[in-house]
Protein chains: 2
Amino acid sequence: MGLSIREAVPGDEATILGFIKHLAAYEKLSHEVVASEDHLRASLFCEHPKVFALIAEVDGVPCGFALYFFNYSTFLGRHGVYLEDLYVAPEHRGAGAGKALLARLAQIARDNDCGRLEWWVLDWNEPAIDFYKSLNAQAMDEWTVFRLTGAPLEALANQDKASQ
Amino acid sequence: MGLSIREAVPGDEATILGFIKHLAAYEKLSHEVVASEDHLRASLFCEHPKVFALIAEVDGVPCGFALYFFNYSTFLGRHGVYLEDLYVAPEHRGAGAGKALLARLAQIARDNDCGRLEWWVLDWNEPAIDFYKSLNAQAMDEWTVFRLTGAPLEALANQDKASQ
């Protein structure tokens, strides 16, 4: 059978969570993982999901995954595909699974009239960056991501007049 | 009436597009704007929208907007709110409209069990960065955004086996 890409289906939760944990370990961010199989089931396999996953398989055995959602560009007036996570198990790297997952995402972008495929990468992850540059992806170096979470997010929500 | 925040409704397309163009001019990115009122109507006011907008008004007159969608954290197993655009007209800055828009987004995050509110900012936009830091938002300096668009995106899509 070789390498193939399919949509995730109910029953893949444990496989996906395992990949998420391996990816977090690689990114030295294991302490941030609180997701459970129940969380993934509720997000991916609900009636109107807003997030989606692809599974890469070699001879029918999962070897990696991609998780994505649709973002939006106000400048284009069109949605884009945003790749949240891409992971291929170490023993299967170099066989094209990562590129096959990205190619399927590019195809999904085309099918949905999306103008862009975007994702973040950690600055020290040189193998990934080299791979992305080989696809002629642009590093948007002039932009910085800001995040509000935990107590500061709660404090800001409490300032919303609609909540008072 | 003073300052108020409301959801965008059909008929707001021209107002929103005007704000998008002003924001693009401020970001020195006007050449990237190809969005039309029709694009915005189709995206914001369809049966199952994946992108949403808020309008800030002073005495009932629009003075700014925020456009957002739901992103996803695999580590949290939860959606987040992603702020794509935030704009307040220069003559209305300093009156709290930007903060009121962000506070409403924080409230929307809370209402939807989202763990994060995130956005990007241009590195040279110091007034915006100072404002975000005053809210205790974290700059995710170790991450870089990558983008695939145009011919490289098309080339990658053509490598998807499902499209052949």
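Quick note: structure is the one above.
The structure contained in this document is the topic of the report that follows. (Residues numbered from 1 in each chain as written. Chains lettered and ligands numbered in written order. Predicted model: local features only at pLDDT ≥ 70, side-chain atom pairs only at ≥ 80, totals over all residues. Heavy atoms only, no water.)

**Quick look at the packing of aromatic side chains**
Each aromatic ring pair is characterised by the separation of its centres together with the angle its planes make.
Line of reasoning, step 1. The final tally for this structure, using the stated rule, is 25 aromatic pairs over all chains.
Line of reasoning, step 2. Each ring, one from Phe-19 of chain B and one from Phe-65 of chain B, has its centre 5.8 Å from the other, and the planes form 15°; the classification is stacked. Taken as a pair, Phe-19 of chain B in helix α1 (residues 13-26) and Phe-65 of chain B in strand β3 (residues 61-73) lie far apart in primary sequence, 46 residues in all. Exposure class is identical for Phe-19 of chain B and Phe-65 of chain B. Each is buried.
Line of reasoning, step 3. Among the aromatic side chains, those forming a connected cluster through ring pairs are Phe-69 and Tyr-82 of chain A together with Phe-69 and Tyr-82 of chain B.
Line of reasoning, step 4. Stacked on the ring of Tyr-26 of chain A, the Lys or Arg Arg-93 of chain A has its end atom at 5.7 Å from the ring centre.
Line of reasoning, step 5. Here the guanidinium or amino end of Lys-50 of chain B rests over the ring plane of Phe-70 of chain A, the centre of that ring lying 5.2 Å away. (Phe/Tyr/Trp six-rings, centres within 6.5 Å; stacked < 30°, edge-to-face > 60°. Helix = DSSP H or I, 4+ residues; strand = E, 2+ residues; numbered from the N terminus. Buried < 20%, exposed > 50% of the residue type's maximum accessible area, 1.4 Å probe, protein only. Lys NZ or Arg CZ within 6 Å of the ring centre and 35° of its normal.)

**Brief notes about the pairing of strand β5 (residues 116-122) of chain A**
The side chains of a regular strand alternate between both faces of the sheet.
Line of reasoning, step 1. Where burial is concerned, most of β5 of chain A is hidden: seven out of the seven residues are buried.
Line of reasoning, step 2. Of the two faces of β5 of chain A, the one holding Arg-116, Glu-118, Trp-120 and Leu-122 of chain A and the one holding Leu-117, Trp-119 and Val-121 of chain A are both buried throughout.
Line of reasoning, step 3. Read as a crossover between parallel neighbours, the route from strand β4 (residues 78-88) of chain A over helix α3 (residues 97-111) of chain A to β5 of chain A is right-handed.
Line of reasoning, step 4. As paired elements, β5 of chain A and strand β7 (residues 143-149) of chain B share seven bridges and run antiparallel to each other. From the neighbouring strand, Trp-120 of chain A faces β7 of chain B, where its bridge partner is Val-145 of chain B. (Right-handed = clockwise from strand over helix to strand, strands pointing away. Pairing = 2+ DSSP bridges.)

**Details of the relation of the copies chain A and chain B**
Line of reasoning, step 1. For the pair chain A and chain B, the relating rotation is 180°, the translation along its axis is 0.0 Å, and the fit reaches an RMSD of 0.0 Å. The two molecules are tied by a two-fold rotation axis, judged by turn and shift.
Line of reasoning, step 2. Comparing contact sets, 99% of the residues at the interface of chain A also lie at the interface in chain B, consistent with an isologous, same-surface contact. (Least-squares fit on C-alpha atoms with pLDDT ≥ 70 in both. Contact = heavy atoms within 4.5 Å.)

**Section: the sheet that holds β4 of chain A**
Line of reasoning, step 1. On the basis of which strands lie adjacent, the open sheet formed by seven strands has the order β1(A)-β2(A)-β3(A)-β4(A)-β5(A)-β7(B)-β6(A) and mixed pairing. Unpaired on one side and paired on the other, β1 (3-7) and β6 (138-139) of chain A mark the two borders of the sheet.
Line of reasoning, step 2. Sheet topology note: the β4 of chain A/β5 of chain A ladder contains two bridges and is parallel. Its bridge partner being in β5 of chain A, Tyr-82 of chain A is matched across the sheet by Glu-118 of chain A.

**Brief notes about the environment of Leu-153 of chain B**
Residue and element names in this part refer to chain B.
Line of reasoning, step 1. Mapping Leu-153 onto the fold places it in helix α5 (residues 150-157).
Line of reasoning, step 2. In this structure Leu-153 comes out as buried when scored by relative accessible area, which is 7%.
Line of reasoning, step 3. Between the C-alpha atom of Leu-153 and that of Cys-46, which follows or precedes it by 107 residues, the distance is 27 Å.

**Observations concerning the nonpolar core**
Line of reasoning, step 1. With 56 residues, the main nonpolar core has Ile-16 and Phe-65 of chain A together with Ile-16 and Phe-65 of chain B as its most contacted residues.
Line of reasoning, step 2. Residues in contact with Phe-65 of chain A, not counting those within four places in the same chain, are Ile-16, Phe-19, Ile-20, Leu-54, Ile-55, Asp-85, Leu-86, Tyr-87 and Leu-101 of chain A. (Core = buried A, V, L, I, M, F, W, Y, C linked by side-chain atoms within 4.5 Å.)

**Things to note about the environment of Thr-74 of chain A**
Line of reasoning, step 1. Note that Thr-74 of chain A resides in the loop between β3 (61-73) and β4.
Line of reasoning, step 2. Once the C-alpha coordinates of Thr-74 of chain A and Ala-157 of chain A are considered, the two residues, 83 residues apart in sequence, prove to be 25 Å apart.
Line of reasoning, step 3. When sequence neighbours within four positions are dropped, the list of residues in contact with Thr-74 of chain A reads Ile-20, Ala-35, Leu-67, Glu-84 and Asp-85 of chain B.
Line of reasoning, step 4. Engagement of the side chain of Thr-74 of chain A in a polar contact is seen with the side chain of Asp-85 of chain B, the distance being 2.5 Å. (Polar contact = N/O pair within 3.5 Å; in protein donor to acceptor, adjacent residues only side chain to side chain.)

**Comments concerning α3 of chain A**
All names here are of chain A.
Line of reasoning, step 1. The terminal C-alpha atoms of α3, which comprises 15 residues, lie 21 Å apart, in line with the 21 Å expected from a rise of 1.5 Å per residue.
Line of reasoning, step 2. Burial analysis of α3 places twelve of its 15 residues in the buried class, the great majority of the element.
Line of reasoning, step 3. Within the span of α3, buried status applies to Ala-97, Gly-98, Ala-100, Leu-101, Leu-102, Ala-103, Arg-104, Leu-105, Ala-106, Gln-107, Ile-108 and Ala-109.
Line of reasoning, step 4. Remark: Asp-113 follows α3 within two positions and exhibits a positive phi of approximately 55°. (Expected span 1.5 Å × (residues − 1).)

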